[in-house]
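Spelled out from the first residue to the last, the chains are:
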Amino acid sequence: MLNLPKNKLTQMLRKILEIRLFEEKVFELYAQNLVPGTIHLYAGEEAVAVGVCSNLRKDDYITSTHRGHGHCIAKGADLKRTMAEILGKKTGYCKGKGGSMHIADFSIGMLGATAVVGAGIPIAVGAGLSIKLRRTDQVVVCFFGEGASNQGTFHEGINMASIWKLPVIFVCENNLYAMGTRQSIVMNIENIADRAIAYGISGVVVDGNDVLAVYEVAEKAVERARKGEGPVLIECKTYRHKGHSRVDPARYRPKEEVAEWLAKDPIKRFKEKLIHTKVLSEAEIQHIEKEVSVEIEEAVKFAIESPFPMPEEALEDVYA
Ligand SMILES: Cc1ncc(C[n+]2csc(CCOP(=O)(O)OP(=O)(O)O)c2C)c(N)n1
């Protein structure tokens, strides 16, 4: 896998760091009361967004969830406009009216994040149908959690994508918990990927904390979808470092389990692999980290200095 060119691997490292450092900053800003509403952090799951999106073109699409910062950044979102949206500012992607959970930007193929669990799935299937009717070779990636895979939208969406052979890659981020509910309490299966069998498509389980493993599996799925061979369900086994949302201390998780997963941190593993295989030196990695930190500071400054939307703009851009 490390036969990927150095610039590609460096780009992947930069993205994974952007997501982590961006969210650490959002976490701080929340504590300073600068973030309206709540936030759902993605820390610990970055290898999924980066491994998958590193296979996508700008004109490919993604749909996302309430935990969407990582997906947006991995798909090429501008850090300044993303930060401004999270802070509810007019310069944000949705003019500050969407906030953390509803970032969309069609120009980079980001069809939208949604707070309604499972709601991105039919949107992705619709985009897949549009690609098929327009006869382009774009693909759609649909990110969702294992909790969402219990929703009707998952079952109907995946069935339609299968019968019509739509270019949709279903990516389940299985972080073991839906809010405080452990998967084993609500599902009699261990692998969400097994659900693919019921719809006649292939299902693959991958280590979601290994960005290169995710890249490899996604590469094959994207290739198949581009050729018109239909959807694939990829289940990425991963873990969120924090609670469900910013207000959840996550006391329902055993300490040993948390420690075990923190040791499998996707960023630590990727850095170690790059150093071990001499793709990048420790100094080179530190340099990239510094550059990313500066970029994030600039995004924070931009967002803080941007104005809030005016109350009279509340009904603009509303479609019903
Ligand atoms: C339709 C719907 N039902 C319930 C909720 C409340 N809710 C928000 S996030 C969440 C858990 C989602 O779990 P999962 O799909 O596994 O994603 P994760 O948070 O683990 O990334 C729930 C139940 C919601 N937002 N929408």
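Basis of the calculations
Residues numbered from 1 in each chain as written. Predicted model: local features only at pLDDT ≥ 70, side-chain atom pairs only at ≥ 80, totals over all residues. Heavy atoms only, no water. Salt bridge = Lys/Arg side-chain N within 4 Å of Asp/Glu carboxyl O. Helix = DSSP H or I, 4+ residues; strand = E, 2+ residues; numbered from the N terminus. Buried < 20%, exposed > 50% of the residue type's maximum accessible area, 1.4 Å probe, protein only. Core = buried A, V, L, I, M, F, W, Y, C linked by side-chain atoms within 4.5 Å. Contact = heavy atoms within 4.5 Å. Near = heavy atom within 4 Å. Polar contact = N/O pair within 3.5 Å; in protein donor to acceptor, adjacent residues only side chain to side chain. Areas by Shrake-Rupley, 256 points an atom, 1.4 Å probe, with all protein chains shown as cover. 1 Å grid on protein atoms, 1.4 Å probe; cavity = no way out; pocket = protein on both sides within 12 Å on 5 of 7 lines; lining within 4 Å. Points joined across faces, edges and corners; volume = space filled by probe spheres on them. Nonpolar A, V, L, I, M, F, W, Y, C, P; charged D, E, K, R; others polar.

Draft legend 1. Fine view of the pattern of salt bridges. Tallying each qualifying case throughout the model produces 22 salt bridges. A salt bridge links K97 to D317; the nearest nitrogen and oxygen atoms lie 3.5 Å apart. Highlighted residues: K97 in the loop between α4 (79–86) and β2 (110–113) and D317 in the segment after α11 (282–305), separated in sequence by 220 residues. Among the residues examined, K97 registers a relative accessible area of 35% and is labelled partly exposed. Residue classification places D317 among the partly exposed positions, given a relative accessible area of 43%. Across the pair D210 and K273 runs a salt bridge whose closest N-O atoms are separated by 3.9 Å. Of the two residues, D210 sits in the loop between β7 (202–207) and α8 (211–226) while K273 sits in helix α10 (residues 266–276), which places them 63 residues apart along the sequence. What makes K273 partly exposed here is its relative accessible area of 34%. Residues participating in the shared-partner salt-bridge network are R20, E46 and D265.

Draft legend 2. Spotlight on the nonpolar core. Grouped together as the largest cluster of nonpolar side chains are 68 residues, with contacts concentrated most on L13, I16, M83, I169, I234 and F270. With residues up to four places along the chain from it excluded, the contact list for I169 reads V139, V140, V141, C142, A221, V222, A225, V232 and I234. One finds I131, F144, L166 and F170 within the second-largest nonpolar core, a separate group that totals 23 residues.

Draft legend 3. Structural context of the site of the ligand. In the vicinity of the ligand, 15 residues are found, and the nearest of them are H66, R67, A115, G147 and Y177. Within the side chain of H66, one N or O atom sits 2.8 Å away from an oxygen atom of the ligand. Between the ligand and the protein, one listed contact pairs a nitrogen atom with a backbone N or O atom of A115 at 2.8 Å. In the complex, 72% of the free accessible area of the ligand, which totals 580 Å², lies under the protein chains.

Draft legend 4. Representation of the environment of I201 in the model. Locating I201 in the fold gives a position in the loop between α7 (183–186) and β7. Sequence-distant contacts of I201, defined by excluding residues within four places in its chain, comprise I158, S162, A196, P231, V232 and L233.

Draft legend 5. Molecular detail of the layout of surface pockets. Its volume calculated, the largest pocket comes out at about 370 Å³. Lining the largest pocket we find 29 residues, and of these H66, V117, G145, A148 and H244 sit closest to its centre. Elements with a minimum of two residues in the lining of the largest pocket: β1 (61–64), α5 (120–134), β3 (140–145) and β5 (177–178). In terms of residues, the lining of the largest pocket owes the most to one element, β3, which gives four residues. Tallied by class, residues from the lining of the largest pocket come to 12 nonpolar, 12 polar and five charged.

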